[in-house]
Structures are given as structure tokens and as C-alpha cells.
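# Inside the fold
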Amino acid sequence: MEAVAVTDRGLIRARNEDSYYINDQKALFVLCDGMGGHKAGNVASQLAVKVISGEYESGAAASIPDALQEAIQKANLSIWTTGNSNFDYKDMGTTAVVATISSRNGELVMNIANVGDSRLYLIREDRIRQVTIDHTVAEQMRSQGVLTGEEAIHSPFNHVLTRALGTHKDVYADIFEEPLVSGDLVLMCSDGLSDMLSEQDLLQISREEKNIDRLSQLYLHAALEKGGHDNITLIIIAA
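We now turn to the structure provided with this report. (Residues numbered from 1 in each chain as written. Predicted model: local features only at pLDDT ≥ 70, side-chain atom pairs only at ≥ 80, totals over all residues. Heavy atoms only, no water.)

Strands belonging to one sheet form pairs held by backbone hydrogen bonds; the direction of such a pair is parallel or antiparallel. Spatially, β2-β3-β4-β5-β8 is the arrangement adopted by the 5 strands of the open sheet, whose pairing is antiparallel. Strand pairing shows two members of the sheet lacking a second neighbour, β2 (18–23) and β8 (174–180), which therefore form its edges. Averaged over all pairs of adjacent strands, the angle between their axes in this sheet comes to 15°, without regard to strand direction. As paired elements, strand β4 (residues 96–104) and strand β5 (residues 107–115) share 9 bridges and run antiparallel to each other. Following the sheet pairing, S102 is matched in β5 by V109. Along the sheet, helix α1 (residues 41–58) makes contact with β2, β3 (28–33) and β4, crossing β2 at roughly 20°. Helix α2 (residues 64–85) contacts β4, β5 and β8 of the sheet and is inclined by roughly 25° relative to β5. (Pairing = 2+ DSSP bridges. Helix = DSSP H or I, 4+ residues; strand = E, 2+ residues; numbered from the N terminus. Axes fitted to C-alpha atoms, helices over the stretch in contact; angles between N-to-C directions. Contact = heavy atoms within 4.5 Å.)

See below:
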């Protein structure tokens, strides 16, 4: 298993409010996107990465899903408490997508937790699938049949989050489990990438380059060429 990450401020934002963490030995991967338009989004994302990684790596939960959930909840409480005790950090928040890979009965299994609209995609056998579900008003409207998938993409509610770390005292992460097979690519990213590149774009670029270091740079440059409107952060894992 190999992993690589890249992050960039983009072409518009004054600072990079994304954060990420990779622990190859623990097969733990964390990506957080500080909430744009709020104070100290970079502080929130950095705090989330620190607490999630620390809690997960030192935790004693009965199961991986429980450990992920507990780490997310502790990070949320830490951000919420910090934001409510320091005026400069008031209303800060962040998304979080976390993945960990383990072996079960000789097979690789990936457990994922997410809050917000940072995403995890699985690329397998020339197909791409978004595993996580965006916590946005537009996605909620799409799931209720109010919007089509295409309408949701272009909706002004596409970045109105229904769930994030630090905005409320309590939060609950969505938890997913996916088996992995040799040749799989896992792509975790902030919306600075997914806003600029469609699933078809992501898949097409993955067809052109099999080296994940070069692939990560191709993704970044493609997003910048399309405008780079936000911070861009991505992690690629090759099973």
C-alpha cells in the first residue's frame, strides 16, 4: 500500500485552511477543510487533524468504527470549546473525512468516517464511485427528490453544510466500510478539487497516469487550470 498527499492554497484564497495527516504505519488518513467565510478555519482544521489522529491512535475502542466515531466526536468538542472560549475563533468549523485500512481474514478493509462535504472516492476497474455522502442542503434536497443530481451540483445550497465539526456541541459522523482489492485507488479530497473536477474528469486523469505521485500533481494542476477557486487538498492511496 502506498499513499501520497498534496495541498495548495489555490488561486483565489488568501490562505490555506485545509489540513491533512498520514500515518503509514497505522494506515490512518485524515483530511479536513476549514470552513471558508468563518474565522480561523485553518485553526479548526489543524485542531481536528491533531485530535482525530491522536485519539484514534491512542484509543481503546472495541471496534474501528467506534474508534473513528469517538475520535470525530472528541475533535468536534475540542473545536466547539475552543471556539466558544476565544472570540477570535468564534464560529470556526471544519469538515473531516477519515480513512483507515486494516486486514481482516487476509483481506484489506477500509473504514471511513465523514462529516461535511470533503469526499472519498473509490476508483476500481475503470470506474469511480463516491463512497461518502455530502452533508449539504443540496444533497439533502437531492435525496428527498426535490433536486436532480445535476441540479444539486449547480445549486446555491451545494456548499451550505448541514453538519460540520465545531459548529455544535455534538456531532455524529457517517461511517462506511469498503473491501479493497489490489489495484484500487482511493481518493480523499476537499471540495477545492471536487468542485473543479467532475467524477468523469477524475477518472479520465487516473487513466493517464498510474504513478500516484504524478497523478496527485495532475489532479492539482487540472483543478488550478479550471480556476482554483478554493484550497485544494487530496490524498491518494494505492491498495
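Now that the structure has been shown, the text picks up again.
It is worth spelling out the packing of helix α6 (residues 199–208) against helix α7 (residues 212–225) at this point. Following both chains from N to C, one finds α6 and α7 inclined at 140°, their axes separated by 10 Å at the closest point. On the basis of the axis angle, α6 is oblique to α7. Along this stretch, α6 crosses α7, giving a crossing that reads as right-handed. Here α6 contributes L202, I205 and S206 to the contact with α7, which in turn contributes L215, L218, Y219 and A222. Looking at the contact of α6 with α7, its residues break down into 6 nonpolar, 1 polar and no charged. (Parallel < 35°, antiparallel > 145°, perpendicular 65-115°, else oblique. Left-handed = near helix turned anticlockwise from the far one by under 90°. Nonpolar A, V, L, I, M, F, W, Y, C, P; charged D, E, K, R; others polar.)

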